[in-house]
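# Examining the three-dimensional arrangement
What follows is the residue order along each chain.
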Amino acid sequence: MGTSNIKVPAVFLDRDGTVIFDKNYLSLPDQVKLYSYAADSINRLRAAGFKVIIVTNQSGVARGMFSEQDLQKIHERFVFLLKKAGAEIDAIYYCPHADEDSCNCRKPKPGMVLQGAKDFNIDLEKSYTVGDSIRDYLLGCNTGGKGILVLTGHGKKQQTKIAQEKIKPMAVCKTLKDAVSVIIKDAKKN
Ligand SMILES: [Mg+2]
Ligand SMILES: [Zn+2]
């Protein structure tokens, strides 16, 4: 009876330096280490009615540093660790390309978010992106939502570069945990 037409908001989370510790070109499942607040942050978002979707640039694939099969194993480990910590995510999308491939999915290009929006009937205007790179918050802005920069991972380095960017993040937060509080508060206003 049309309830399937109801759109839901989502939070698109970066993986490395946001939900798990950033290892440069993480290539082995054993290297996956969740931030202590990762599972709880994801649960708070889902309890607030958001789909939680990971969107991650993995140009290590294009550079031949690891294969898509390796990436799959890494993501299995990631999902397992989250589950063990009591949390679940709705999906993971990754871009295996490098900048020079000119694909439509490497953040801040919208491809992964648009795919997620299609797969989960997402209301992009009520959605957010969170990550430790300028690319991550630009993604939210590029797809009609809002973007937040976190200062974990590479975030601190990126913070100084924001001054040169035309588009600013909706907020700069110490960690994902703080970003979740900002999102839940902001969503109540709309
Ligand atoms: Mg990152
Ligand atoms: Zn791509």
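Notes on the structure in this doc start here.

Rules and cut-offs
Residues numbered from 1 in each chain as written. Chains lettered and ligands numbered in written order. Predicted model: local features only at pLDDT ≥ 70, side-chain atom pairs only at ≥ 80, totals over all residues. Heavy atoms only, no water. Helix = DSSP H or I, 4+ residues; strand = E, 2+ residues; numbered from the N terminus. Rg over C-alpha atoms; globule rule 2.2 N^0.38 Å. Buried < 20%, exposed > 50% of the residue type's maximum accessible area, 1.4 Å probe, protein only. Contact = heavy atoms within 4.5 Å. Areas by Shrake-Rupley, 256 points an atom, 1.4 Å probe, with all protein chains shown as cover. Lys, Arg positive; Asp, Glu negative; His and termini not counted. Charge placed at Lys NZ, Arg CZ, Asp CG, Glu CD. Donors = N, O, S within 2.8 Å, 3.2 Å for Na, K, Ca; no water. Phe/Tyr/Trp six-rings, centres within 6.5 Å; stacked < 30°, edge-to-face > 60°. 1 Å grid on protein atoms, 1.4 Å probe; cavity = no way out; pocket = protein on both sides within 12 Å on 5 of 7 lines; lining within 4 Å. Points joined across faces, edges and corners; volume = space filled by probe spheres on them. Nonpolar A, V, L, I, M, F, W, Y, C, P; charged D, E, K, R; others polar.

A count of helices and strands for the protein chain gives 6 helices and 6 strands. Its helices and strands in sequence order give the protein chain the pattern β-α-β-α-β-α-β-α-β-α-β-α, from N to C terminus. Compactness check: the protein chain gives a C-alpha radius of gyration of 16 Å against a globular reference of 16 Å for 190 residues, within 12% of the reference. Dimensions along the principal axes, computed over C-alpha positions, put the protein chain at roughly 45 × 40 × 30 Å. Sorting the 190 residues of the protein chain into buried and exposed places 48% on the buried side. Pairs at least 24 apart in sequence give 66% of the contacts found in the protein chain among residues at least 6 apart. Accessible surface, the protein chain: about 9700 Å² in total, of which carbon and sulfur atoms supply 50%. Distance from the positive charge centre (29 side chains) to the negative charge centre (21 side chains) of the protein chain: 5 Å.

Quick look at the coordination of the magnesium ion (ligand 1) now. Donor atoms from the polypeptide that coordinate the magnesium ion (ligand 1) comprise Asp14 (OD), Asp16 (O) and Asp132 (OD), at 2.1 to 2.2 Å from the metal. Classification of Asp16 as buried rests on a relative accessible area of 12%.

Quick look at the packing of aromatic side chains now. Two descriptors summarise a pair of aromatic rings, namely the distance from one centre to the other and the angle between the planes of the rings. Under the criterion given, the structure shown has 3 aromatic pairs. Centre to centre, the rings of Phe21 and Tyr35 are 4.3 Å apart; their planes meet at 40 degrees, and the pair counts as tilted. With Phe21 in the loop between strand E1 (10-13) and helix H1 (38-47) and Tyr35 in the loop between E1 and H1, this residue pair connects regions lying 14 residues apart in the sequence. A residue is classified by how much of its surface remains accessible, and Tyr35, at 10% relative accessible area, is buried. Consider the rings of Tyr35 and Tyr37, whose centres lie 5.3 Å apart with planes at 5 degrees: the pair is stacked. Under the relative-accessibility criterion, Tyr37 is labelled buried at 13%. Each member of the aromatic cluster is reached from another via a ring pair, and the members are Phe21, Tyr35 and Tyr37.

The next point concerns the layout of surface pockets. Of the voids in this model, the largest pocket is the one considered here, and its volume is about 560 Å³. Forming the boundary of the largest pocket are 21 residues, of which Asp22, Asn57, Arg106, Ser133 and His154 lie nearest the centre. Elements supplying a minimum of two residues to the lining of the largest pocket: strand E2 (51-57) and helix H4 (134-142). A class-by-class count of the residues in the lining of the largest pocket yields 3 nonpolar, 9 polar and 9 charged. When its volume is computed, the second largest pocket comes out at roughly 180 Å³. For the second largest pocket, the full set of lining residues is Pro9, Ala48, Gly49, Phe50, Lys126, Tyr128, Ile184, Ala187, Lys188 and Asn190. Among the elements that take part in the lining of the second largest pocket, helix H6 (residues 176-189) stands out by supplying 3 residues, more than any other. Grouping the amino acids of the lining of the second largest pocket by side-chain chemistry returns 6 nonpolar, 2 polar and 2 charged.

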